[in-house]
Amino acid sequence: MAAIKVQADPAARFPAMRPAAGLPANAPARRGFAVFQRNCISCHTLNGQGDAKVGPDLNIPHSPTEYFREDMLRTLVRNPQNLRRWPQAKMPAFDAKVLSDADLDDLVAYLKHMAGRKVSP
Ligand code: HEC
(Lines give C-alpha, C1' and ligand atoms only; values in the text may rest on other atoms or scores of the structure.)
Protein backbone atom coordinates (compact mmCIF):
# COMPACT_ATOMS: atom_id res chain seq x y z
CA MET A 1 0.00 0.00 0.00
CA ALA A 2 1.49 3.30 -1.06
CA ALA A 3 -0.42 5.75 1.06
CA ILE A 4 -3.43 6.00 3.27
CA LYS A 5 -5.39 9.13 2.60
CA VAL A 6 -7.19 10.32 5.69
CA GLN A 7 -10.16 12.55 4.96
CA ALA A 8 -11.34 14.91 7.66
CA ASP A 9 -14.79 14.20 9.00
CA PRO A 10 -17.54 15.27 6.55
CA ALA A 11 -19.14 17.58 9.12
CA ALA A 12 -15.92 19.61 9.09
CA ARG A 13 -15.42 19.48 5.32
CA PHE A 14 -19.03 20.18 4.40
CA PRO A 15 -20.45 22.77 6.81
CA ALA A 16 -23.61 23.27 4.71
CA MET A 17 -24.62 19.68 5.58
CA ARG A 18 -24.57 20.32 9.31
CA PRO A 19 -27.76 20.70 11.31
CA ALA A 20 -28.23 23.97 13.23
CA ALA A 21 -25.53 24.45 15.86
CA GLY A 22 -28.10 25.16 18.57
CA LEU A 23 -29.70 21.70 18.42
CA PRO A 24 -29.14 19.52 21.49
CA ALA A 25 -26.69 16.64 21.06
CA ASN A 26 -29.48 14.07 21.21
CA ALA A 27 -31.84 15.86 18.79
CA PRO A 28 -33.27 13.47 16.17
CA ALA A 29 -31.96 15.66 13.33
CA ARG A 30 -28.45 15.45 14.79
CA ARG A 31 -28.63 11.66 15.04
CA GLY A 32 -30.09 11.65 11.53
CA PHE A 33 -27.04 13.50 10.25
CA ALA A 34 -24.92 10.59 11.50
CA VAL A 35 -27.27 8.14 9.73
CA PHE A 36 -26.96 10.22 6.55
CA GLN A 37 -23.17 10.11 6.75
CA ARG A 38 -23.14 6.35 7.24
CA ASN A 39 -25.62 5.48 4.49
CA CYS A 40 -26.28 8.25 1.99
CA ILE A 41 -23.25 10.52 1.64
CA SER A 42 -21.47 7.95 -0.53
CA CYS A 43 -23.89 8.77 -3.37
CA HIS A 44 -25.73 12.02 -2.57
CA THR A 45 -24.69 15.60 -2.02
CA LEU A 46 -26.73 17.87 0.26
CA ASN A 47 -26.83 21.63 -0.18
CA GLY A 48 -24.42 21.06 -3.04
CA GLN A 49 -21.72 19.70 -0.74
CA GLY A 50 -20.15 16.28 -0.65
CA ASP A 51 -17.88 14.21 -2.87
CA ALA A 52 -20.53 11.95 -4.42
CA LYS A 53 -22.20 12.58 -7.75
CA VAL A 54 -24.14 9.33 -8.14
CA GLY A 55 -27.63 10.40 -7.05
CA PRO A 56 -29.40 13.78 -6.95
CA ASP A 57 -28.75 16.43 -4.30
CA LEU A 58 -31.05 15.80 -1.34
CA ASN A 59 -31.86 19.42 -0.48
CA ILE A 60 -31.55 21.75 -3.44
CA PRO A 61 -33.49 22.91 -5.25
CA HIS A 62 -36.03 20.91 -3.23
CA SER A 63 -35.80 18.51 -0.35
CA PRO A 64 -37.45 15.13 -0.98
CA THR A 65 -39.36 15.87 2.26
CA GLU A 66 -41.08 18.68 0.31
CA TYR A 67 -42.18 16.69 -2.72
CA PHE A 68 -42.67 13.15 -1.37
CA ARG A 69 -45.36 12.26 1.12
CA GLU A 70 -43.48 11.04 4.18
CA ASP A 71 -44.71 7.44 3.92
CA MET A 72 -43.59 7.38 0.26
CA LEU A 73 -40.16 8.75 1.17
CA ARG A 74 -39.82 5.98 3.75
CA THR A 75 -40.92 3.44 1.14
CA LEU A 76 -38.28 4.77 -1.25
CA VAL A 77 -35.46 4.46 1.29
CA ARG A 78 -36.56 0.96 2.32
CA ASN A 79 -36.65 -0.10 -1.34
CA PRO A 80 -36.66 2.44 -4.18
CA GLN A 81 -38.24 -0.13 -6.49
CA ASN A 82 -41.34 -0.16 -4.29
CA LEU A 83 -41.95 3.49 -5.14
CA ARG A 84 -40.90 3.76 -8.79
CA ARG A 85 -39.58 0.92 -10.84
CA TRP A 86 -37.21 0.91 -13.78
CA PRO A 87 -34.47 -1.49 -14.80
CA GLN A 88 -31.46 0.80 -14.55
CA ALA A 89 -32.22 2.37 -11.17
CA LYS A 90 -29.08 2.45 -9.05
CA MET A 91 -30.14 3.26 -5.53
CA PRO A 92 -29.88 0.25 -3.22
CA ALA A 93 -32.56 -0.81 -0.74
CA PHE A 94 -31.97 -0.17 2.97
CA ASP A 95 -33.76 -2.86 4.92
CA ALA A 96 -34.24 -2.90 8.69
CA LYS A 97 -30.97 -4.81 9.19
CA VAL A 98 -29.01 -1.93 7.68
CA LEU A 99 -31.22 0.92 8.82
CA SER A 100 -33.42 0.44 11.89
CA ASP A 101 -36.84 2.09 12.12
CA ALA A 102 -35.33 4.51 14.66
CA ASP A 103 -32.51 5.35 12.22
CA LEU A 104 -35.07 6.01 9.50
CA ASP A 105 -37.07 8.30 11.83
CA ASP A 106 -33.87 10.23 12.60
CA LEU A 107 -32.90 10.41 8.94
CA VAL A 108 -36.30 11.86 7.99
CA ALA A 109 -35.99 14.36 10.87
CA TYR A 110 -32.59 15.41 9.52
CA LEU A 111 -33.86 15.84 5.95
CA LYS A 112 -36.85 17.89 7.17
CA HIS A 113 -34.61 20.04 9.32
CA MET A 114 -32.26 20.66 6.41
CA ALA A 115 -35.19 21.71 4.19
CA GLY A 116 -35.21 24.81 6.38
CA ARG A 117 -31.47 25.33 5.93
CA LYS A 118 -31.01 25.54 2.17
CA VAL A 119 -27.76 26.91 0.87
CA SER A 120 -27.12 27.49 -2.81
CA PRO A 121 -23.61 26.55 -3.87
C1 HEC B 1 -25.15 3.57 -4.12
C2 HEC B 1 -25.63 4.93 -4.28
C3 HEC B 1 -26.77 5.44 -3.43
C4 HEC B 1 -26.90 5.40 -2.05
C5 HEC B 1 -25.95 4.77 -1.05
C6 HEC B 1 -28.11 6.13 -1.75
N7 HEC B 1 -28.70 6.56 -2.89
FE8 HEC B 1 -30.41 7.66 -3.04
N9 HEC B 1 -30.29 7.58 -5.06
C10 HEC B 1 -29.23 7.07 -5.78
C11 HEC B 1 -29.51 7.23 -7.21
C12 HEC B 1 -28.56 6.82 -8.33
C13 HEC B 1 -30.76 7.85 -7.31
C14 HEC B 1 -31.53 8.19 -8.59
C15 HEC B 1 -32.50 7.11 -8.88
C16 HEC B 1 -31.82 5.80 -9.17
O17 HEC B 1 -31.08 5.70 -10.17
O18 HEC B 1 -32.01 4.86 -8.39
C19 HEC B 1 -31.22 8.05 -5.94
C20 HEC B 1 -32.43 8.64 -5.62
C21 HEC B 1 -32.80 9.02 -4.33
C22 HEC B 1 -33.99 9.75 -4.00
C23 HEC B 1 -35.07 10.18 -4.99
C24 HEC B 1 -34.82 11.57 -5.46
C25 HEC B 1 -35.83 11.96 -6.49
O26 HEC B 1 -36.18 13.14 -6.52
O27 HEC B 1 -36.26 11.15 -7.30
C28 HEC B 1 -33.99 9.95 -2.66
C29 HEC B 1 -35.02 10.69 -1.82
C30 HEC B 1 -32.79 9.32 -2.15
N31 HEC B 1 -32.09 8.76 -3.19
C32 HEC B 1 -32.45 9.29 -0.83
C33 HEC B 1 -31.40 8.53 -0.32
C34 HEC B 1 -31.13 8.38 1.09
C35 HEC B 1 -31.92 9.05 2.21
C36 HEC B 1 -30.05 7.54 1.19
C37 HEC B 1 -29.41 7.01 2.45
C38 HEC B 1 -30.27 6.18 3.28
C39 HEC B 1 -29.64 7.19 -0.16
N40 HEC B 1 -30.48 7.81 -1.04
C41 HEC B 1 -28.59 6.34 -0.47
C42 HEC B 1 -28.11 6.48 -5.28
C43 HEC B 1 -27.90 6.18 -3.94
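All of the points below concern the structure found in this document.

Notes on the pattern of salt bridges
All told, the structure shown has 9 salt bridges when counted by the stated rule. The salt bridge involving Arg31 is made with Asp106; its shortest N-O contact spans 2.9 Å. With Arg31 in helix α2 (residues 28-39) and Asp106 in helix α5 (residues 101-115), the pair connects residues that are 75 residues apart, well separated along the chain. Note on Arg31: relative accessible area 39%, which makes it partly exposed. Judged by its relative accessible area of 8%, Asp106 falls in the buried class. In this structure, Arg38 and Asp103 form a salt bridge, with 3.9 Å as the shortest nitrogen-oxygen distance. Linking Arg38 in helix α2 with Asp103 in helix α5, this pair joins segments that are 65 residues apart in sequence. Residue Arg38 is classed as exposed on the basis of its relative accessible area, which comes to 57%.

Comments concerning the site of the ligand
In the region of the ligand, 22 residues are neighbours, and Cys40, Cys43, His44, Tyr67 and Met91 sit closest. A distance of 2.7 Å is found between a nitrogen atom of the ligand and a side-chain nitrogen or oxygen belonging to His44. Take Lys90: an N or O atom from its main chain is 3.0 Å from an oxygen atom of the ligand. More than half of the atoms belonging to the ligand lie within 2 Å of the grid points that define the largest pocket. The set of elements that each furnish at least two residues to the shell around the ligand consists of α3 (64-67) and α4 (70-78). Considering each element in turn, the shell around the ligand owes the most residues, 3 residues, to α4. Along the lines of polarity and charge, the residues of the shell around the ligand split into 16 nonpolar, 4 polar and 2 charged.

Conventions and cut-offs
Residues numbered from 1 in each chain as written. Predicted model: local features only at pLDDT ≥ 70, side-chain atom pairs only at ≥ 80, totals over all residues. Heavy atoms only, no water. Salt bridge = Lys/Arg side-chain N within 4 Å of Asp/Glu carboxyl O. Helix = DSSP H or I, 4+ residues; strand = E, 2+ residues; numbered from the N terminus. Buried < 20%, exposed > 50% of the residue type's maximum accessible area, 1.4 Å probe, protein only. Near = heavy atom within 4 Å. Polar contact = N/O pair within 3.5 Å; in protein donor to acceptor, adjacent residues only side chain to side chain. 1 Å grid on protein atoms, 1.4 Å probe; cavity = no way out; pocket = protein on both sides within 12 Å on 5 of 7 lines; lining within 4 Å. Sits in = over half its atoms within 2 Å of the grid points. Nonpolar A, V, L, I, M, F, W, Y, C, P; charged D, E, K, R; others polar.

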